[in-house]
Amino acid sequence: MTAITPAPRRARVLAERGRRGALPWLFLAPGLLLALVFKFWPMAQGVWLSFFKVRPFLGDQWVGLDNYTRVLTDHRFQDAIGHTLLLGLGQSVGAIVVGFALALLLEGQARSLKLIRTAVFLPVVTATAVVGEMWRLLYYPTSDGMINHALGLLGLGPVQFLDNPDTALWATMGMSVWLLAPYNMVIILAGLAGVDRTLYEAAAMDGVSLWQRLRHVTLPAIRPALGIVLTLAAIRGLRVFTEVYVLTGGGPAGSTEVWMTRAYTLGFTRNDIGGASAASVVLLCATLLLTVTVHHFRKRGGVR
């Protein structure tokens, strides 16, 4: 029987490794193709158009950085930056706190808790536009609205939640917290599942209070889960759009206008595609910068 020489054997091993390495890419190819066609190519086109004054049927005119200068010096965009930061920070902190509280309350293996967790998670799998329309009914400005009806039982008059510039942004923030908290709850629950229960037992035997247990046992143990939640919150906070568009459309009097609704108005209402593209590129850069910053602090916290 003839022995296989080392060279052919090495070639066969390399060919087998090549087939195994190509198989995952074969499965990923459809998704990568869709992402290329519907995400990355339009993104590249948006960056390109941000340097032009787009004139359909007349030819685009190169304007360089004029679109960026115009966007960054526009007082409507400057107001939108403040609204975006306030809404993003408020909804992120609120959703993390509420999600953490829900995770602590619904932690366990009982069947009833599983059913409750499923019910609590329903807002996440519901279309944001549908959730927004539901909250519009809850915020209805007369006593026919559920929230105002409840306030009427307490002797409080109807509140113009969405029609008052002083309350519209906070009302939008409340809906965003309700929508995002269950998603954070699931991630934090996954982190709580990995906490060593003997630490809780030892803390209870030592007479440690509940707050000290949360601070010194629970929070350090779920730090990776909290890092993921913070990263996602940083991305979502700057890209908020659907909630505002469905609830208020940026009104009243621009009091809830955020960066993305302003870019949408610029591009699809005023037909300023170049300016809207520049605003989108600025938002993309800000999101990337914030994400990298949060990831950097996550890594530093993990090392410590």
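Please refer to the structure higher up on the page.
Heads up: these notes are all about the structure in this document.

Parameters and conventions
Residues numbered from 1 in each chain as written. Predicted model: local features only at pLDDT ≥ 70, side-chain atom pairs only at ≥ 80, totals over all residues. Heavy atoms only, no water. Salt bridge = Lys/Arg side-chain N within 4 Å of Asp/Glu carboxyl O. Helix = DSSP H or I, 4+ residues; strand = E, 2+ residues; numbered from the N terminus. Buried < 20%, exposed > 50% of the residue type's maximum accessible area, 1.4 Å probe, protein only. Phe/Tyr/Trp six-rings, centres within 6.5 Å; stacked < 30°, edge-to-face > 60°. Lys NZ or Arg CZ within 6 Å of the ring centre and 35° of its normal. Axes fitted to C-alpha atoms, helices over the stretch in contact; angles between N-to-C directions. Parallel < 35°, antiparallel > 145°, perpendicular 65-115°, else oblique. Left-handed = near helix turned anticlockwise from the far one by under 90°. Contact = heavy atoms within 4.5 Å. 1 Å grid on protein atoms, 1.4 Å probe; cavity = no way out; pocket = protein on both sides within 12 Å on 5 of 7 lines; lining within 4 Å. Points joined across faces, edges and corners; volume = space filled by probe spheres on them. Nonpolar A, V, L, I, M, F, W, Y, C, P; charged D, E, K, R; others polar. Expected span 1.5 Å × (residues − 1). Bend = angle between axes of the 7 residues up to and from the residue. Lys, Arg positive; Asp, Glu negative; His and termini not counted. Patch = residues over 30% accessible without salt bridge, like charges linked within 9 Å, V, L, I, M, F, W, Y side chains within 5 Å. Areas by Shrake-Rupley, 256 points an atom, 1.4 Å probe, with all protein chains shown as cover.

## Brief notes about the pattern of salt bridges
Line of reasoning, step 1. Taken as a whole and judged by the stated rule, the model has three salt bridges.
Line of reasoning, step 2. Between aspartate 272 and arginine 70 there is a salt bridge, and its shortest N-O distance comes to 2.6 Å. Here the residue aspartate 272 occupies a position in the loop between helix H12 (259-268) and helix H13 (273-303), and arginine 70 occupies one in helix H2 (residues 66-73), the gap between them amounting to 202 residues.
Line of reasoning, step 3. When its relative accessible area of 37% is taken as the criterion, arginine 70 is described as partly exposed.
Line of reasoning, step 4. Among the ionic pairs, glutamate 257 bridges to arginine 76, the shortest N-O distance being 3.3 Å. Highlighted residues: glutamate 257 in the loop between helix H11 (242-247) and H12 and arginine 76 in helix H3 (residues 75-105), separated in sequence by 181 residues.
Line of reasoning, step 5. The exposure class assigned to glutamate 257 is buried, which follows from its relative accessible area of 6%.
Line of reasoning, step 6. Overall, arginine 76 belongs to the partly exposed group, its relative accessible area being 33%.

## Digging into the packing of aromatic side chains
Line of reasoning, step 1. The final tally for this structure, using the stated rule, is 12 aromatic pairs.
Line of reasoning, step 2. When the ring of tryptophan 48 is compared with that of phenylalanine 52, the centres are 5.0 Å apart and the planes differ by 45°; the resulting orientation is tilted.
Line of reasoning, step 3. Its relative accessible area of 49% is what places tryptophan 48 among the partly exposed residues.
Line of reasoning, step 4. By the ring-pair criterion, three or more aromatic residues cluster together here, those being Trp48, Phe51, Phe52, Trp62 and Tyr68.
Line of reasoning, step 5. The ring of phenylalanine 77 is capped by arginine 262, whose NZ or CZ atom sits 5.6 Å from the centre of that ring.

## Regarding the packing of H3 against helix H10 (residues 223-238)
Line of reasoning, step 1. One can describe the packing of H3 onto H10 by two numbers: an axis separation of 8 Å at closest approach and a directional angle of 150°. When the axis of H3 is compared with that of H10, the two are roughly antiparallel. Crossing geometry of H3 relative to H10 is assigned as right-handed. Counted together, Thr84, Leu85, Gly88, Gln91, Ser92 and Ile96 of H3 and Val229, Leu230, Ala233, Arg236, Gly237 and Leu238 of H10 form the full contact between these two elements.

## Focus on the layout of surface pockets
Line of reasoning, step 1. Quantified by volume, the largest pocket comes out at close to 940 Å³.
Line of reasoning, step 2. Met260, Ser280, Val281, Leu283 and Leu284 are, among the 28 residues lining the largest pocket, the residues nearest its centre.
Line of reasoning, step 3. Of all the secondary-structure elements, those providing two or more residues to the lining of the largest pocket are helix H1 (6-49), H12 and H13.
Line of reasoning, step 4. Among the elements that take part in the lining of the largest pocket, H13 stands out by supplying 11 residues, more than any other.
Line of reasoning, step 5. Tallied by class, residues from the lining of the largest pocket come to 20 nonpolar, six polar and two charged.
Line of reasoning, step 6. Considering only enclosed or pocket space, the second largest pocket measures out at about 330 Å³ in volume.

## With respect to helix H4 (residues 111-125)
A turn of α-helix holds 3.6 residues, and therefore any two residues three or four places apart point the same way.
Line of reasoning, step 1. The end-to-end C-alpha separation of H4 is 21 Å, in line with the 21 Å expected for 15 residues at 1.5 Å each.
Line of reasoning, step 2. Within H4, the axis deviates most sharply at alanine 119, by approximately 25°, and proline proline 123 lies no more than four positions further along.
Line of reasoning, step 3. Buried within H4 we find Leu113, Arg117 and Pro123.
Line of reasoning, step 4. Buried residues along H4 sit in contact with H3, helix H5 (128-138) and helix H7 (168-192).

## Observations regarding unusual backbone geometry
Line of reasoning, step 1. Here the residue pair glycine 251 and proline 252 is connected by a cis peptide bond, since its omega of -5° sits within 30 degrees of zero.
Line of reasoning, step 2. Here proline 252 shows up in the loop between H11 and H12.
Line of reasoning, step 3. At alanine 253, a residue that is not glycine, the phi angle is positive and equals roughly 55°.
Line of reasoning, step 4. By the secondary structure assignment, alanine 253 is in the loop between H11 and H12.
Line of reasoning, step 5. For alanine 253, a relative accessible area of 82% puts it in the exposed group.
Line of reasoning, step 6. Phi at asparagine 271 is positive, roughly 60°, even though this residue is not glycine.
Line of reasoning, step 7. Its place among the elements puts asparagine 271 in the loop between H12 and H13.

## Considering the side chain of threonine 231
Line of reasoning, step 1. Here threonine 231 is to be found in helix H10.
Line of reasoning, step 2. A residue is classified by how much of its surface remains accessible, and threonine 231, at 13% relative accessible area, is buried.
Line of reasoning, step 3. When neighbours within four sequence positions are excluded, threonine 231 is seen to be in contact with Thr291, Val294 and Arg298.

## Details of the side chain of arginine 117
Line of reasoning, step 1. Among the structural elements, arginine 117 can be located in helix H4.
Line of reasoning, step 2. The buried charged residue arginine 117 lacks any salt bridge partner; its closest oppositely charged side chain belongs to glutamate 107, at an N-O distance of 8.3 Å.
Line of reasoning, step 3. In contact with arginine 117, not counting residues within four places along its chain, are Leu106, Glu107, Gly108, Met185 and Leu189.

## Topic: a nonpolar patch on the surface
Line of reasoning, step 1. On the surface, Leu33, Leu34, Leu36, Val37, Phe38, Phe40, Met43, Val47, Leu284 and Leu288 cluster together to form a nonpolar patch covering roughly 940 Å² of accessible area.
Line of reasoning, step 2. For the nonpolar patch, the element with the most residues is H1, which contributes eight residues.
Line of reasoning, step 3. On the secondary structure map, phenylalanine 40 appears in helix H1.
Line of reasoning, step 4. By relative accessible area, which is 46% here, phenylalanine 40 ends up partly exposed.

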